[in-house]
Amino acid sequence: MFCRPDVLFGAFRMKVYDQTSMGGEAEMFLTTHWSLIEDVQSEHNKDKALIGLLLDRYWKPVYCYLRRKGYDNEQAKDLTQGFFHEVVLNRNLVQRADKSKGHFRTFILHALDQYILNEKRRQATQKRNPKGRLVSFDIISPPALPEAVSRLSPEDSYNYAWTAAMLDKILSEVETRCLEDDMEIHWRIFQDRIVQPILTDTEPPSFADTCEKCGIEDQKKASNMITTVKRRLQKALRDYLRIIATSEDEIYEEFSEIMQFFKKSAQDV
Amino acid sequence: MSKKSTFGARPEQLNRLLSAIGLDKPNADKQSDHTASLEMSAGRLGGQIGRYKLLRVLGEGGMGIVCLAEQERPIRRQVALKVIKPGMDSKRVIARFEAERQALALLDHPNIAHVHDAGTTEAGRPYFVMEYVKGLPITEHCDRQKLTIEDRLKLFLQVCHAIHHAHQKGIIHRDIKPSNILVSTVDDQVIPKIIDFGVAKAVTQPLTEQTLFTEDSQLLGTPEYMSPEQADMASEDIDTRSDIYSLGVLLYVMLTGVLPFDSDTLRTGGIEHIRQIIRETDPKTPSTRLTKLGEEAKKLAEKRRTEVGALSKCLHRELEWIPLKAIRKERTERYRSAAELADDIENYLKGAPLIAGPPGSIYRLKKFVRRNRALVTGIAAVLVVIIAGAVISTVFAIRAERQANISQAVADFLRNDLIASAGPGKVKGRDTTIRSFLDIASENLNGKFKNEPLVEASIHDTLGWTYRMLGELKAAEPHLERALQLRQEHLGAAHLDTLDSVARLAWLRCDQGRNAEAAELLEKSLLTCRRVLRDEHINTLGLVNVLGCVYKDLGRYDEAEQLYLKYIPISRRVLGEKAELTGFMVGNLGQTYERQGRYEEAKHQYLETLSQRDGVRDDEDVWTLLYKSFLARVYRKQKRYKEAEKFYLEILPIQQRVFTEEHPYTLWSIEGLAHVYLEQGRYDDAEKSFSKALDGMLRMRGMDHRETLGCMNGLAVLYTKQKRYDEAESLFTEALEGRGRRLGKDHPETMESKNDLAVLYIEQDQYDKAESLLLEATNGRIQKLGQQHPHTKESIKNLIELYEAWNKPEQAAPWRAKLSVVDDGE
């Protein structure tokens, strides 16, 4: 699987206000992804590239959803791959997509439901002929569904995986950029004070300790460095969401929705 | 670094992580607030703000929202109405605008959008009404039309001229960026128009955390175009050079398609990060940036109808120096005005040396060679030009055949040894200069011509003179001294070549400001010549000519006059009326008169020498041009400005063509013209010319040279007239100090600086300061120049004026009496 943060983020700037003549906003969801793909020569390669890209970005939530739906690893894998092929190549799902379903994240989910139904009708539990696929999809090691997720509903696990994938992407991207820009200390402080304590359920070290560890004399300076990293993450988050949002307003809405989801989940768990 | 994935964390942990990052409400919300509030003010679009009817939204920016509106009274027209975003102190914004309104009203330039009006909406938001300009941001226009580099430069020139116009009216823009320069096409004419004059200043706030980021962390303002002083301080101490900086960034982008500092790099740091980059980090050169862009560079080059290689080369050779000079961190190192920036663009377009070029004469010399390709090919040919040039510069009539044999040996040596030692592999880029060739020759010379001292002397002579022509006085000295020594030894003191060396060394001493030593050297030589060769000998006459010049420059006018009056008739008799040397002496006598204020006599001498040259020499003859410039100068001193200007304008283009822009003769003419403008009250033109002359002199002669100091003084006088007192005082102080040191406390030119500085103090009512200076100047002038000299009279008049202004009529009285005696005596 390929993962190229420099392709997906970086200098990408896109107006998402364009309406395309075909498929309306739903088509536009996919269209917005084109700009992430470089060096695509032909239509054939374009499709291939798009499938690859969507797989790379969104396979986890789809796969988790399918697993929680009851499919085993192989079946889930198969369906994931088939789904993205279907979305790109046949456009049926896209064209039939219900605009009222709103954001891309939820649009994919509903398209996925549609796809599963179709496959069931076509006895989709049979293994498909891999030759029909443009892009092969190999999970090196199947993701063990974390315990917390295994208790979530399929839709919740889809959202969970979607969000985790998003967080992984933006954290990785910002880390890379910080290192490139000679801001290793910035990133370290942010990791030590914010990320690690959250992910490991530990108390963050004191500012004084952090400063000493990183060789910074001034706590205020350390605080500013954290703010700087935060801003970069916010920007990365916006860029990530902008691809799938139809307007700037939607970015915030999408984010708020995700935050709501987690609040709910936190209560359940 | 931990690469722990978040996949596996509990949902609640993901929630906390997301909260820690946070995402505030987007701009869109603010903007729709904005629009909503605008609509509240105006009802719907179609409503009114003041007497303007809103038609539609044109766009939104960091400052506010811009609408197309219609004005009905007093005239019906469409305007652009900009409503400033909330969060600004409206009263303060409007007050600041009002402060500039009068000046803005004076802005009348085809490339500046007029600001008509300002006010506050019912909701209390400030708004500005501006000329509606329908066009694209300049960078976008250039890319869409795929303008070549040359076309982009020509477009940029218009912008510079407009900015300069505003600066002259005392208005700084403060927010120059592509979106504030809109290009429209009217009747096939492409017209860039600068918008938002006066608005940025009214609205601008200091660069702090609050002003820099909106609540959702979107960056306000355009740090990419912000000068270091704007980024650093409160915006009170911004001057025109801030705009120069922004213009530099704009030029950078227009040429290369990229910013000097990457947007991402700037905008994803905190405020300190931004400040630090703008203030401290040196931008990469445009050619370097281009080469690092890879594939993107191809597209950028295509938009300029060229290829990456050609574009990079074009930038690297010299074009990129221009934006780089404009975006220097130190404002004193930038162009001094938008006009100067424009001049340099024009210099580039016509192949002239750039102001932004490297220091030293070598670049200029190379430019000269490049511009005269018909004359010269290859490095050897360059050297031939130098040698030939060296020959022309001496004041002796050189007999061609005498030089022929030695010249050949010299030329051979220089060509073979120089180029051979440099070698094709060693010639790299523009750092291999004429200077380095000379250095190699100097080294190679050691011990090479042991048995041919005259050849060695000749080479030393040529090398020394070439160094001197390049302004490398320290390097020149040992060579000229050695040449003289060898020739004295082997040819004797009275030999023409020896005297040639004496004269050259004397010139060098003058260059070094060691005029008194030069006089001594020449006097000694003259004694020998008169004894051995007699007065009628051409060698004696040649020496006399040089010595007279040195006396004149030392302010020893009587001695100079005596010398010339004695030997000119001899020269006429022995060499002829039309002989070069006779002409030189007549011209030098003219200058001696001129220095004494005897202008009519000076004019007579110049006219005479010019008449002798008519028909004999062409218009491009060095000396003809020089005498014409002297004539122009004396006309100016006689206040015959029309004639003076006519002569200057006639000879300047020729001088620029024949010499270089920065040849001393050209610079003298430019400075002369500056004085003509100054005395006619044409200050803008004067400033342009003074600046040009001074820059050239600083580069060619350095700070401490008599001519540079003189030019500085002239510029300071201009500043005084323009009431730029601080700048004037600073320059006067420098000129006075330099002249005192170089020429002596009693020198007439030092007195001049004292007098002029005193006048400045009088203007500022600092009478006590003025008095001591003026007394020194006046008494000094009386002693050195005599009471009849115009400068002496000028000083006396200044003293009278001082005491009258100071309310000390009893002190003025004796001076008034003196003046009437002087006037009666005329």
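Residues numbered from 1 in each chain as written. Chains lettered and ligands numbered in written order. Predicted model: local features only at pLDDT ≥ 70, side-chain atom pairs only at ≥ 80, totals over all residues. Heavy atoms only, no water.

K.L.:
Can you help me understand the overall build of chain B in this one?
P.N.:
When helices and strands are tallied, chain B shows 38 helices and nine strands. Residues classed as buried in chain B amount to 56% of the 826 residues present. Sequence-distant contacts, at least 24 apart, represent 62% of the contacts inside chain B between residues at least 6 apart. For chain B, the computed accessible surface area is about 35600 Å², with 49% contributed by carbon and sulfur atoms. (Helix = DSSP H or I, 4+ residues; strand = E, 2+ residues; numbered from the N terminus. Buried < 20%, exposed > 50% of the residue type's maximum accessible area, 1.4 Å probe, protein only. Contact = heavy atoms within 4.5 Å. Areas by Shrake-Rupley, 256 points an atom, 1.4 Å probe, with all protein chains shown as cover.)

K.L.:
Please explain the overall build of chain A as it appears in this structure.
P.N.:
Across its full length, chain A carries twelve helices and zero strands. If you list the helices and strands of chain A from N to C, you get α-α-α-α-α-α-α-α-α-α-α-α. Scored against the burial criterion, the 269 residues of chain A give a buried share of 53%. In chain A, 70% of the contacts between residues at least 6 apart in sequence involve partners at least 24 apart.

K.L.:
In this structure, what is going on with the confidence of the model for chain A? I would like to understand it.
P.N.:
Detail in the predicted coordinates should be disregarded across regions flagged by low pLDDT. All names here are of chain A. When the pLDDT values of chain A are averaged, the result is 69; 61% of them are 70 or greater. The lowest-confidence element of chain A is helix α1 (residues 5-8), averaging 24 in pLDDT; the highest-confidence one is helix α9 (residues 184-200), averaging 90. With pLDDT under 50 throughout, residues 124-131 is counted as low confidence; its partners more than four residues away or in other chains account for seven contacts. Note that residues 265-269 has pLDDT below 50 and, in this model, two contacts with residues that lie over four places away or in other chains. (pLDDT = per-residue confidence, 0-100.)

K.L.:
Quick question: what am I supposed to make of the packing of helix α35 (residues 748-763) of chain B against helix α37 (residues 790-805) of chain B here?
P.N.:
In helix packing, the relevant descriptors are the interaxial angle and the interaxial distance, both defined with respect to the helix axes. Residue and element names in this part refer to chain B. Packing of α35 against α37 leaves a shortest axis separation of 11 Å and a crossing angle of 20 degrees. With respect to α37, the element α35 is oriented roughly parallel. The handedness of the crossing between α35 and α37 comes out as left-handed. Here Asn755, Asp756, Val759 and Ile762 of α35 lie close against α37, whose contacting residues are Glu794, Ser795, Asn798, Glu801 and Leu802. Grouping the amino acids of the contact of α35 with α37 by side-chain chemistry returns three nonpolar, three polar and three charged. (Axes fitted to C-alpha atoms, helices over the stretch in contact; angles between N-to-C directions. Parallel < 35°, antiparallel > 145°, perpendicular 65-115°, else oblique. Left-handed = near helix turned anticlockwise from the far one by under 90°. Nonpolar A, V, L, I, M, F, W, Y, C, P; charged D, E, K, R; others polar.)

K.L.:
Sorry if this is basic, but what is going on with the packing of aromatic side chains here?
P.N.:
Scanning all chains against the criterion turns up 13 aromatic pairs over all chains. Ring geometry for Tyr606 of chain B against Phe630 of chain B: centres 5.5 Å apart, planes inclined by 45 degrees, an arrangement best described as tilted. In this pair, Tyr606 of chain B sits in helix α28 (residues 599-613) while Phe630 of chain B sits in helix α29 (residues 622-637), placing the two residues 24 residues apart along the sequence. Overall, the relative accessible area of 0% leaves Tyr606 of chain B in the buried class. Taken together, the aromatic side chains of Tyr65, Tyr158 and Trp162 of chain A make up a single cluster linked through ring pairs. Across from the ring centre of Phe647 of chain B, 4.9 Å away, lies the NZ or CZ of Lys646 of chain B, which sits over that ring. (Phe/Tyr/Trp six-rings, centres within 6.5 Å; stacked < 30°, edge-to-face > 60°. Lys NZ or Arg CZ within 6 Å of the ring centre and 35° of its normal.)

K.L.:
Where do I start with the confidence of the model for chain B in this structure?
P.N.:
Residues and elements named next belong to chain B. In this model, chain B carries a mean pLDDT of 79, and residues with pLDDT of at least 70 account for 79%. Here residues 209-220 is modelled with pLDDT under 50, and outside its nearest four sequence neighbours on either side it reaches 32 contacts, counting other chains as well. Taken over the whole predicted complex, pTM reads 0.39, whereas the ipTM for its chain interfaces reads 0.77.

K.L.:
Can you help me understand the packing of α9 of chain A against helix α1 (residues 11-21) of chain B in this one?
P.N.:
Two numbers describe how α9 of chain A lies on α1 of chain B: the axes approach to 9 Å, and their chain directions differ by 165 degrees. When the axes of α9 of chain A and α1 of chain B are compared, the pair comes out roughly antiparallel. By crossing handedness, the relation of α9 of chain A to α1 of chain B is classed as right-handed. For the pair α9 of chain A and α1 of chain B, the contacting residues are Ile194, Val195, Pro197, Ile198, Leu199 and Thr200 of chain A in the first and Gln13, Arg16, Leu17 and Ala20 of chain B in the second. Broken down by class, the residue content of the contact of α9 of chain A with α1 of chain B amounts to seven nonpolar, two polar and one charged.

K.L.:
In this structure, what is going on with the sheet that holds strand β9 (residues 189-194) of chain B? I would like to understand it.
P.N.:
Sheet strands pair by backbone hydrogen bonding; their relative direction is either parallel or antiparallel. Residues and elements named next belong to chain B. Pairing is antiparallel across the open sheet formed by three strands, whose spatial order is β7-β8-β9. Among the strands making up the open sheet, the edge pair consists of β7 (136-137) and β9. Here two bridges tie β7 to strand β8 (residues 181-186), and the two strands are oriented antiparallel to one another. Paired with Leu136 across the strands is Val183, a residue of β8. Along the sheet, helix α5 (residues 149-168) makes contact with β8 and β9, crossing β9 at roughly 40 degrees. (Pairing = 2+ DSSP bridges.)

K.L.:
Can you walk me through the pattern of salt bridges in this structure?
P.N.:
Note on pairing: side chains with opposite charge can pair once their charged atoms come close. Residue and element names in this part refer to chain B. Tallied over the entire structure, the rule returns 59 salt bridges over all chains. Notably, a salt bridge pairs Lys154 with Glu150, separated by 3.0 Å at the nearest N-O pair. Separated by four residues within a single helix, Lys154 and Glu150 lie in helix α5, roughly one turn from each other. (Salt bridge = Lys/Arg side-chain N within 4 Å of Asp/Glu carboxyl O.)

K.L.:
What's the story with the pairing of β9 of chain B in this structure? I'm lost.
P.N.:
In the case of a regular strand, side chains alternate between the two sheet surfaces. All names here are of chain B. Looking at chain direction, β8 and β9 are connected through six bridges and run antiparallel. Counted as the bridge partner of Thr185 is Val190 from β9. With antiparallel pairing between neighbouring strands as the criterion, β8 and β9 make up a hairpin whose turn holds two residues, including Asp187 at a positive phi of roughly 50 degrees.

K.L.:
Looking at this model, I keep getting lost on the pairing of strand β3 (residues 64-71) of chain B. Mind explaining?
P.N.:
Residue and element names in this part refer to chain B. Of all eight residues in β3, eight are buried, a share of seventy percent or more. Relative to strand β4 (residues 77-84), β3 is paired through eight bridges, and the arrangement is antiparallel. Note on β4: the bridge partner recorded for Gly64 is Ile84. Following β3, the chain reverses through five residues before pairing antiparallel with β4.

K.L.:
I tried to follow the nonpolar core on my own but got confused; where do I start?
P.N.:
As a rule of thumb, nonpolar side chains are buried together in soluble globular proteins. Ranked by internal contacts, the top residues of the largest apolar core, which has 104 residues, are Leu522, Phe690 and Leu802 of chain B. It is α29 of chain B that provides the largest number of residues to this core, a total of ten residues. Among residues more than four places away in sequence, those in contact with Leu802 of chain B are Ile762, Tyr767, Ala770, Glu771 and Leu774 of chain B. Core analysis: the second largest hydrophobic core is formed by 66 residues, Phe104, Ile198 and Ala222 of chain A together with Leu17 of chain B among them. (Core = buried A, V, L, I, M, F, W, Y, C linked by side-chain atoms within 4.5 Å.)

K.L.:
It is not clear to me how helix α30 (residues 641-658) of chain B should be interpreted in this structure. Could you clarify?
P.N.:
Residues spaced three or four apart along an α-helix face the same direction, because each turn holds 3.6 residues. Residues and elements named next belong to chain B. Helix length check: α30, at 18 residues, gives a terminal C-alpha distance of 25 Å against a target of 26 Å (1.5 Å per residue), a fit within 8%. Remark: the principal bend of α30, roughly 30 degrees, maps to Ile651, with a proline, Pro653, within the next four residues. Taken together, the buried positions of α30 are Tyr641, Ala644, Glu645, Phe647, Tyr648, Ile651, Leu652, Ile654 and Gln655. (Expected span 1.5 Å × (residues − 1). Bend = angle between axes of the 7 residues up to and from the residue.)

K.L.:
What is the right way to look at unusual backbone geometry in this model?
P.N.:
Keep in mind that most residues, glycine aside, have a negative phi and that most peptide bonds are trans. Residues and elements named next belong to chain B. In this structure, Arg174 is a non-glycine residue whose phi angle is positive, near 80 degrees. Locating Arg174 in the fold gives a position in the loop between α5 and β8. In this structure, Asp765 is a non-glycine residue whose phi angle is positive, near 60 degrees. Within the secondary structure, Asp765 is located in the loop between α35 and α36 (767-785).

K.L.:
Is there a simple way to explain the environment of Tyr725 of chain B in this structure?
P.N.:
Residue and element names in this part refer to chain B. Among the structural elements, Tyr725 can be located in helix α34 (residues 725-743). Take Tyr725: its relative accessible area is 19%, and that puts it in the buried class. Those residues in contact with Tyr725, other than ones at most four positions away along the chain, are Thr720, Leu760, Glu763 and Gln764.

K.L.:
Looking at this structure, how should I read the environment of Glu175 of chain A?
P.N.:
Residue and element names in this part refer to chain A. Residue position: Glu175 is located in helix α8 (residues 154-180). For Glu175, a relative accessible area of 6% corresponds to the buried category. Each C-alpha atom, one on Glu175 and one on Arg232, is 9.6 Å from the other, the two residues being 57 residues apart in sequence.

K.L.:
What's the story with a positive patch on the surface in this structure? I'm lost.
P.N.:
All names here are of chain B. A grouping of Lys146, Lys299, Lys303 and Arg305 is seen on the molecular surface, where their side chains present a positively charged patch. Structurally, Arg305 can be placed in the loop between α13 (295-302) and α14 (308-319). A relative accessible area of 57% places Arg305 in the exposed class. (Patch = residues over 30% accessible without salt bridge, like charges linked within 9 Å, V, L, I, M, F, W, Y side chains within 5 Å. Lys, Arg positive; Asp, Glu negative; His and termini not counted. Charge placed at Lys NZ, Arg CZ, Asp CG, Glu CD.)

K.L.:
Sorry if this is basic, but what is going on with helix α16 (residues 338-350) of chain B here?
P.N.:
Residue and element names in this part refer to chain B. Between its terminal C-alpha atoms α16 stretches 18 Å, which fits the 18 Å expected from 13 residues at 1.5 Å a residue. Looking only at α16, the buried set comprises Ala338, Ala339, Glu340, Leu341, Ala342, Asp343, Asp344, Ile345 and Asn347. Against the buried residues of α16 lie α5, α9 (240-256), α15 (321-326) and α32 (683-700). After α16 finishes, the residue Gly351 shows a positive phi value of roughly 80 degrees.

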